[in-house]
Amino acid sequence: MAGISEEMAKMPGFRREVSLKNNHRGATLENSDYLATRENVQPVELECLRRVFKWLDTKKDDRLCWQEISEALVKLGHKTPREQIELWIWEVDDDLDNMVGWEEFLTMYQRCISDHTGMEPRNLFNLVQFLMYDKEFNGRISVEQTLQIIFVRHGRGELDAEIAEIFGDQQKGHDGQELKITFSQFLYRANERLTKMRWTKKEVSKAPRK
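## A closer look at the overall build of the protein
Looking only at helices and strands, one finds 10 helices and four strands in the protein. Start at the N end of the protein and walk to the C end: the helices and strands fall as α-α-α-β-α-α-β-α-α-β-α-α-β-α. Excluding contacts between residues fewer than 6 apart, the proportion of contacts in the protein whose partners are at least 24 apart in sequence is 62%. Entry remark: accessible area of the protein is about 12,100 Å², with carbon and sulfur atoms responsible for 50%.

Here you go:
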């Protein structure tokens with residue numbers, strides 16, 4: 001496959017054991033060809049992903065169940081009903097064991113960072129992205145904490161725009177100190193952005209063909 005190294009081709013996101021036509025998630029059907037050449041994860045991201053997975057995996061069985069995800073959300077001050085968390089798991093659970101293994105976890109991340117239509121399920125991704133920024137797992141993130149991952153993912157050219165998407169135009173508090181946001185605040189802005197992405201896709205699809 002063009003642009004894909006042998007090492008990258010061995011990563012879970014490229015080893016789709018479930019046929020796209022039979023994929024119960026369905027969201028990747030339209031974008032499968034587009035996503036396939038863009039699911040590259042940088043070493044910095046991979047290291048952060050491993051750290052987050054290890055922190056979430058309190059049972060130390062290399063799988064994430066709804067209780068473990070629920071406990072993490074409670075620690076972040078964002079208590080979420082069990083049925084919602086089970087939906088988050090179902091969205092990325094390719095082997096249908098009601099849990100999220102490491103390969104499914106990584107595949108989920110690969111697909112979401114590559115998707116610019118908003119069609120990929122992002123519930124678990126939003127939690128994971130926040131925790132990747134929150135290196136100390138203290139429930140708040142600052143601009144400074146996000147810089148490394150944003151830079152390796154988007155480059156210098158899109159750095160300011162990405163920061164604005166997360167923190168808004170005001171990136172300092174009333175006291176002049178760097179603004180820190182909670183997961184609930186992060187999620188609110190992430191969902192706003194997702195809605196905008198989907199509307200943009202819808203408007204493009206409605207445009208008359210020449």
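The structure having been displayed, the exposition proceeds.
## Describing the layout of surface pockets
In this structure, the largest pocket encloses a volume near 610 Å³. Together, 28 residues line the largest pocket, and R122, F125, H154, E162 and R193 are the ones closest to its centre. Broken down by secondary-structure element, the contributors of at least two residues to the lining of the largest pocket are α6 (102-114), α7 (123-133), α8 (143-154), α9 (159-167) and α10 (183-206). Grouping the constituent residues of the lining of the largest pocket by class yields 12 nonpolar, six polar and 10 charged.

## Let's talk about α6
In this model, α6 (13 residues) spans 18 Å end to end at C-alpha, consistent with the 18 Å of a helix rising 1.5 Å per residue. Among the 13 residues that make up α6, 12 are buried, leaving the element largely enclosed by the rest of the structure. For α6, the complete set of buried residues consists of W102, E104, F105, L106, T107, M108, Y109, Q110, R111, C112, I113 and S114.

## Focus on the pattern of salt bridges
Per the counting criterion, the structure on display carries eight salt bridges. One salt bridge connects D160 with R156, and the closest N-O pair in it is separated by 3.8 Å.

## Things to note about the side chain of E104
Inspection of the secondary structure puts E104 in helix α6. In this structure E104 is buried but unpaired, with R63 as the nearest side chain of opposite charge at 8.6 Å. A distance of 2.9 Å separates a polar atom in the side chain of E104 from the backbone nitrogen of G101. Apart from the residues within four sequence positions on either side, E104 is in contact with V92, D93, D94, D95 and M99.

## As for the packing of aromatic side chains
Under the defined criterion, the tally for this structure stands at eight aromatic pairs. A network of ring pairs unites the aromatic residues F130, Y133, F183 and F186 as a single cluster.

## Examining the nonpolar core
Counting 43 residues, the largest nonpolar core has L49, F105 and L127 as its most contacted members. Of all the secondary structure elements, the ones that give two or more residues to this core are α3 (43-56), α4 (66-75), α5 (82-92), α6, α7, α8, α9 and α10. With near-sequence residues (within four places) excluded, L49 lies in contact with V41, W102, F105, L106, Y109, V128 and M132.

## Considering α5
Residues separated by three or four positions in an α-helix point in the same direction, a consequence of the helix having 3.6 residues per turn. Listing the buried residues of α5 in full gives I85, W88, I89, E91 and V92. Projection of α5 onto a plane perpendicular to its axis shows the buried side chains occupying an angular sector of 160°, all on one side. Tucked inside the fold, the buried residues of α5 contact β1 (63-64), α4, β2 (100-101), α6 and α7.

## Examining the packing of α3 against α6
Where α3 meets α6, the axes come as close as 11 Å, and the angle between the chain directions of the two elements is 135°. Classified by the angle between their axes, α3 and α6 sit oblique to one another. In this structure, α3 crosses over α6, and the sense of that crossing is right-handed. On α6, the residues that touch E45, L46, L49, R50, V52, F53 and L56 of α3 are W102, F105, L106, Y109 and I113. For the contact of α3 with α6, a count of residues per class yields 10 nonpolar, no polar and two charged.

Calculation criteria
Residues numbered from 1 in each chain as written. Predicted model: local features only at pLDDT ≥ 70, side-chain atom pairs only at ≥ 80, totals over all residues. Heavy atoms only, no water. Helix = DSSP H or I, 4+ residues; strand = E, 2+ residues; numbered from the N terminus. Contact = heavy atoms within 4.5 Å. Areas by Shrake-Rupley, 256 points an atom, 1.4 Å probe, with all protein chains shown as cover. 1 Å grid on protein atoms, 1.4 Å probe; cavity = no way out; pocket = protein on both sides within 12 Å on 5 of 7 lines; lining within 4 Å. Points joined across faces, edges and corners; volume = space filled by probe spheres on them. Nonpolar A, V, L, I, M, F, W, Y, C, P; charged D, E, K, R; others polar. Expected span 1.5 Å × (residues − 1). Buried < 20%, exposed > 50% of the residue type's maximum accessible area, 1.4 Å probe, protein only. Salt bridge = Lys/Arg side-chain N within 4 Å of Asp/Glu carboxyl O. Lys, Arg positive; Asp, Glu negative; His and termini not counted. Polar contact = N/O pair within 3.5 Å; in protein donor to acceptor, adjacent residues only side chain to side chain. Phe/Tyr/Trp six-rings, centres within 6.5 Å; stacked < 30°, edge-to-face > 60°. Core = buried A, V, L, I, M, F, W, Y, C linked by side-chain atoms within 4.5 Å. Arc of directions from axis to C-beta. Axes fitted to C-alpha atoms, helices over the stretch in contact; angles between N-to-C directions. Parallel < 35°, antiparallel > 145°, perpendicular 65-115°, else oblique. Left-handed = near helix turned anticlockwise from the far one by under 90°.

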